[in-house]
Amino acid sequence: MPLIYGGFGLVLLALWIFCLFDVLVTAEEDCRNLPKGLWILIVLFLPEVGSILWLLAGRPQTVTRPGGLPYKGNTGSFPEYDRPGRFVPSNPDDDEEFLRRCRERAEEQRRAYREQQRQTDKDQDQ
């Protein structure tokens, strides 16, 4: 008989620890019915009842995590191509400004390299 009570006690302890950590890592705005601080106190000081109350009345019903991939359930609130602020790539050959900046950056890198080579040659001669 003590073995049964011990096993039941371990299950209750595991439930209490799970619920306590779950309350701690849940975002404030995701807690239902009561503020997060009050849920922490309830689960901490009323282990059995508080844990069950947290699971039934306080835990978020759906967990939304930013990022991730669509096949992991992250559909987001906007379809992929209708998302506000989405950068729409264009053909670089059609973008004269982009090509001009690429040429300028390449020329600047060539000038810096030639200057570095001249400096290296000058230092070796001395």
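Model, not experiment: these values are computed from the prediction.

Cut-offs used in this document
Residues numbered from 1 in each chain as written. Predicted model: local features only at pLDDT ≥ 70, side-chain atom pairs only at ≥ 80, totals over all residues. Heavy atoms only, no water. Salt bridge = Lys/Arg side-chain N within 4 Å of Asp/Glu carboxyl O. Helix = DSSP H or I, 4+ residues; strand = E, 2+ residues; numbered from the N terminus. Buried < 20%, exposed > 50% of the residue type's maximum accessible area, 1.4 Å probe, protein only. Contact = heavy atoms within 4.5 Å. Patch = residues over 30% accessible without salt bridge, like charges linked within 9 Å, V, L, I, M, F, W, Y side chains within 5 Å. Areas by Shrake-Rupley, 256 points an atom, 1.4 Å probe, with all protein chains shown as cover. Phe/Tyr/Trp six-rings, centres within 6.5 Å; stacked < 30°, edge-to-face > 60°.

A.B. asks: So what's going on with the pattern of salt bridges? Which residues, and what values?
C.D. replies: Applying the stated rule across the entire model yields seven salt bridges. Between Glu107 and Arg110 there is a salt bridge, and its shortest N-O distance comes to 3.2 Å. Of this pair, Glu107 and Arg110 both sit in helix α4 (residues 96-125), three residues apart, which is roughly one turn of that helix. By relative accessible area, which is 45% here, Arg110 ends up partly exposed. Note that Arg114 is salt-bridged to Glu107, the shortest N-O span being 3.3 Å. Within the structure, one salt-bridge network assembled from shared partners comprises Glu97, Arg100 and Glu104.

A.B. asks: Just give me the short version of the environment of Cys31, but keep the residues and values in it.
C.D. replies: With respect to the helices and strands, the residue Cys31 is situated in the loop between α1 (2-25) and α2 (36-45). With a relative accessible area of 12%, Cys31 lands in the buried category. Between the alpha carbons of Cys31 and Gly58 there is a distance of 5.6 Å; along the sequence they are 27 residues apart. Setting aside anything within four residues of it in sequence, one finds Cys31 in contact with Thr26, Lys36, Trp39, Trp54 and Gly58.

A.B. asks: Break down the side chain of Thr26 for me, with residues and values.
C.D. replies: Turning to its location among the elements, Thr26 is positioned in the loop between α1 and α2. Relative accessible area serves as the criterion here: at 8%, Thr26 is assigned to the buried category. Apart from the residues within four sequence positions on either side, Thr26 is in contact with Cys31, Lys36, Trp54 and Pro60.

A.B. asks: Help me get a handle on a nonpolar patch on the surface, residues and values and all.
C.D. replies: A surface patch of nonpolar side chains, amounting to about 700 Å² of accessible area, comprises Leu34, Leu38, Leu41, Leu44, Phe45, Leu46, Val49 and Leu53. Secondary-structure elements contributing two or more residues to the nonpolar patch are α2 and α3 (47-58). Ranked by residue count, the leading element in the nonpolar patch is α2, at four residues. Tracing the chain through its elements places Val49 in helix α3. Look at Val49 and you get exposed, because its relative accessible area is 52%.

A.B. asks: Give a detailed account of the environment of Pro35, specifying residues and quantitative values.
C.D. replies: Here Pro35 shows up in the loop between α1 and α2. In sequence terms Pro35 and Gly58 are 23 residues apart; their C-alpha atoms lie 9.0 Å from each other.

A.B. asks: With reference to specific residues and values, describe the packing of aromatic side chains.
C.D. replies: As enumerated under the stated definition, the model contains one aromatic pair in all. Both rings, one in Trp39 and one in Trp54, keep their centres 5.5 Å apart while their planes meet at 70°; by these two values the pair is edge-to-face. On the criterion of sequence distance, the pair formed by Trp39 in helix α2 and Trp54 in helix α3 is long-range, its members being 15 residues apart. There is no split in this pair, since Trp39 and Trp54 are both buried.

A.B. asks: A description of unusual backbone geometry should follow, citing residues and the corresponding values.
C.D. replies: Not every positive phi belongs to a glycine, and Asn33 is a case in point at roughly 70°. Looking at the element boundaries, Asn33 is found in the loop between α1 and α2. Assessed through its relative accessible area of 63%, Asn33 is described here as exposed.

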